[in-house]
2 protein chains.
Amino acid sequence: MHSREKSVLHQYIKRFQLKRSKRRDLILEVFLNTRRHVSNEELYLLVKQRDPSIGLTTVYRTLKLLKECGLARELQSYEGVILYEHDYKADHHDHLICTVCGGVLEFFSRDIEKAQEKIVRKYKFKPLHHSHRIFGVCEKCQNRTVPEDERLQSKTISIKQTTHS
Amino acid sequence: MHSREKSVLHQYIKRFQLKRSKRRDLILEVFLNTRRHVSNEELYLLVKQRDPSIGLTTVYRTLKLLKECGLARELQSYEGVILYEHDYKADHHDHLICTVCGGVLEFFSRDIEKAQEKIVRKYKFKPLHHSHRIFGVCEKCQNRTVPEDERLQSKTISIKQTTHS
DNA sequence: CTCTCTGCAAATCTTTTGCAGTCCT
DNA sequence: AGGACTGCAAAAGATTTGCAGAGAG
């Protein structure tokens with residue numbers, strides 16, 4: 001399970017004369033088993049279920065290490081918290097994000113993927129992954145009248161809640 | 001100058017029975033005059049040049065207000081700091097981001113814009129803006145041999161430095 | 001006059017760092 | 001044995017909140 005990723009990590013460790021450890025392996029494994037985005041805190045709680053003696057600091061340091069060796073990358077956070085994601089190949093799609101209700105619609109466009117290939121070829125760029133988000137107002141929210149007294153202060157929270165859906 | 005945006009803010013204020021203030025107008029104006037991304041801190045320093053009596057807290061609160069009324073939106077930060085941007089219509093482009101050197105190449109693809117329109121029509125979505133980023137390795141970095149002992153710990157910093165270019 | 005806005009200081013939350021002990025090679 | 005890894009507590013940084021006074025309607 002996840003042998004490719006483990007080997008990437010171990011090679012990186014060898015190359016820079018770092019040292020392997022049970023904890024790093026465990027954190028990597030738990031990270032790869034997450035659905036999509038995690039924060040340090042979230043990952044810490046997950047890892048703690050498997051090894052309660054682990055510290056939050058170690059998760060921070062390991063996630064940074066995973067970022068260095070290309071297994072994790074930072075993602076937009078809507079609340080000043082850094083989120084991390086890994087490759088989730090079987091499941092690629094882009095997002096339409098409603099700025100009113102915070103809902104997320106997923107879409108996939110072969111045209112866009114093709115156009116991307118063209119761009120990438122033009123610039124001799126070797127693509128690894130991409131993120132494409134269109135922000136706007138969804139059909140439902142275009143048709144609904146926002147109650148006059150409803151300030152959208154909690155908007156970012158609802159976006160956060162639906163990000164994983 | 002910026003009369004449309006000012007009117008958006010003032011209508012929002014009226015609608016929720018908030019109160020107008022010199023400071024909010026000033027912060028909005030300085031924000032709109034900013035080139036692209038600013039953090040609360042950066043905007044605070046800019047605003048302070050025009051009105052030294054202003055407090056950082058007010059900038060935080062005003063930027064949150066601008067977000068609520070749609071004039072500002074949060075942006076990816078590479079360091080746990082929230083950045084804000086506004087519409088900068090004359091200057092739209094997408095990004096190729098090199099994960100090795102952190103360099104950013106800007107591109108514009110009519111094909112992608114067209115494909116987007118198609119998607120948006122299909123979902124009856126009213127688009128406001130979008131963000132499209134392709135991550136990978138740029139031409140230069142593909143051809144350069146990374147020194148064997150160079151850990152990329154400082155990568156996020158170099159990304160930050162080139163984000164504005 | 002009432003209720004919002006503001007600056008300040010304090011509180012909170014996230015992330016990093018120093019240190020002493022433990023683990024890996 | 002030597003250096004890297006780890007947990008803890010403390011530090012540092014970013015953002016929010018409580019409060020008393022100033023300002024808008």
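Right above here is the structure, for reference.
What counts, and at which threshold
- Residues numbered from 1 in each chain as written.
- Chains lettered and ligands numbered in written order.
- Predicted model: local features only at pLDDT ≥ 70, side-chain atom pairs only at ≥ 80, totals over all residues.
- Heavy atoms only, no water.
- Near = heavy atom within 4 Å.
- Polar contact = N/O pair within 3.5 Å; in protein donor to acceptor, adjacent residues only side chain to side chain.
- Helix = DSSP H or I, 4+ residues; strand = E, 2+ residues; numbered from the N terminus.
- Nonpolar A, V, L, I, M, F, W, Y, C, P; charged D, E, K, R; others polar.
- Buried < 20%, exposed > 50% of the residue type's maximum accessible area, 1.4 Å probe, protein only.
- Pairing = 2+ DSSP bridges.
- Axes fitted to C-alpha atoms, helices over the stretch in contact; angles between N-to-C directions.
- Contact = heavy atoms within 4.5 Å.
- Expected span 1.5 Å × (residues − 1).
- Arc of directions from axis to C-beta.

Some words on the protein's contact with DNA strand C
Residues in close proximity to DNA strand C total 20 residues, the closest being A:Y60, B:S21, B:R23, B:R24 and B:T58. Within 4 Å of the protein, the contacting atoms of DNA strand C are 68% sugar and phosphate, with bases supplying the remainder. Between DNA strand C and B:K19, the relevant distance is 2.9 Å, taken from a base oxygen to a side-chain nitrogen or oxygen of the residue. The contact in question runs from a base nitrogen of DNA strand C to an N or O atom on the side chain of B:R61, over 3.0 Å. Elements supplying a minimum of two residues to the surface near DNA strand C: α4 (56-68) of chain A together with α2 (22-32) and α4 (56-68) of chain B. The element contributing the most residues to the surface near DNA strand C is α4(A), with four residues. A class-by-class count of the residues in the surface near DNA strand C yields five nonpolar, seven polar and eight charged.

Looking at the environment of A:R36
Checked against the element boundaries, A:R36 lands in the loop between α2 (22-32) and β1 (38-39). In this structure A:R36 comes out as buried when scored by relative accessible area, which is 15%.

Some words on the sheet that holds strand β4 (residues 94-98) of chain A
Reading across the sheet, the six strands line up as β5(A)-β4(A)-β6(A)-β6(B)-β4(B)-β5(B) and stay open at both edges, with mixed pairing between neighbours. The open sheet has two edge strands with one neighbour each: β5 (104-107) of chain A together with β5 (104-107) of chain B. Taken pair by pair, the neighbouring strands of this sheet meet at an average axis angle of 20°, ignoring direction.

Thoughts on the protein's contact with DNA strand D
Surveying the vicinity of DNA strand D reveals 20 residues, the closest of which are A:R23, A:R24, A:I54, A:T58 and B:Y60. Counting only atoms of DNA strand D within 4 Å of the protein, the sugar-phosphate share comes to 61%. Here a base nitrogen of DNA strand D and a side-chain polar atom of A:R61 are 3.0 Å apart. Take B:K64: an N or O atom from its side chain is 3.3 Å from a phosphate oxygen of DNA strand D. When contributions to the surface near DNA strand D are tallied by element, the ones reaching two or more residues are α2 and α4 of chain A together with α4 of chain B. Take the surface near DNA strand D: its biggest share by element is four residues, from α4(B). Here the residues of the surface near DNA strand D are counted per class, giving five nonpolar, seven polar and eight charged.

Some words on the environment of B:I134
In this fold, B:I134 is placed in strand β6 (residues 126-137). Expressed as a C-alpha distance, the spacing of B:I134 and B:Y84, which sit 50 residues apart in the sequence, is 21 Å. In this structure B:I134 touches A:Q116, A:V120, A:F125, A:P127, A:H129, A:H130, B:H95, B:L96, B:I97 and B:F107, once residues within four positions along its chain are discounted.

Remarks on helix α5 (residues 110-122) of chain B
Residue and element names in this part refer to chain B. Its 13 residues place the ends of α5 19 Å apart at the C-alpha level, agreeing with the 18 Å of an ideal helix rising 1.5 Å per residue. Buried within α5 are the following residues: I112, E113, A115, Q116, I119 and V120. Burial along α5 is one-sided: seen end-on, the buried residues are contained in an arc of 165°. When the buried face of α5 is taken as reference, the exposed residues oriented beyond 90 degrees from it are R110, K114, K118, R121 and K122. A positive backbone phi angle near 50° is found at K124, which sits one or two residues after α5.

Overview of the pairing of strand β6 (residues 126-137) of chain A
With nine of 12 residues buried, β6(A) is to be regarded as a mostly interior element. When β4(A) meets β6(A), the two strands line up parallel, connected through four bridges. Within β6(A), the position partnered with A:L96 by the bridge is A:I134. The sheet contact formed by β6(A) and β6(B) spans 11 bridges and is antiparallel. By the bridge assignment for β6(B), A:K126 is matched with B:V137.

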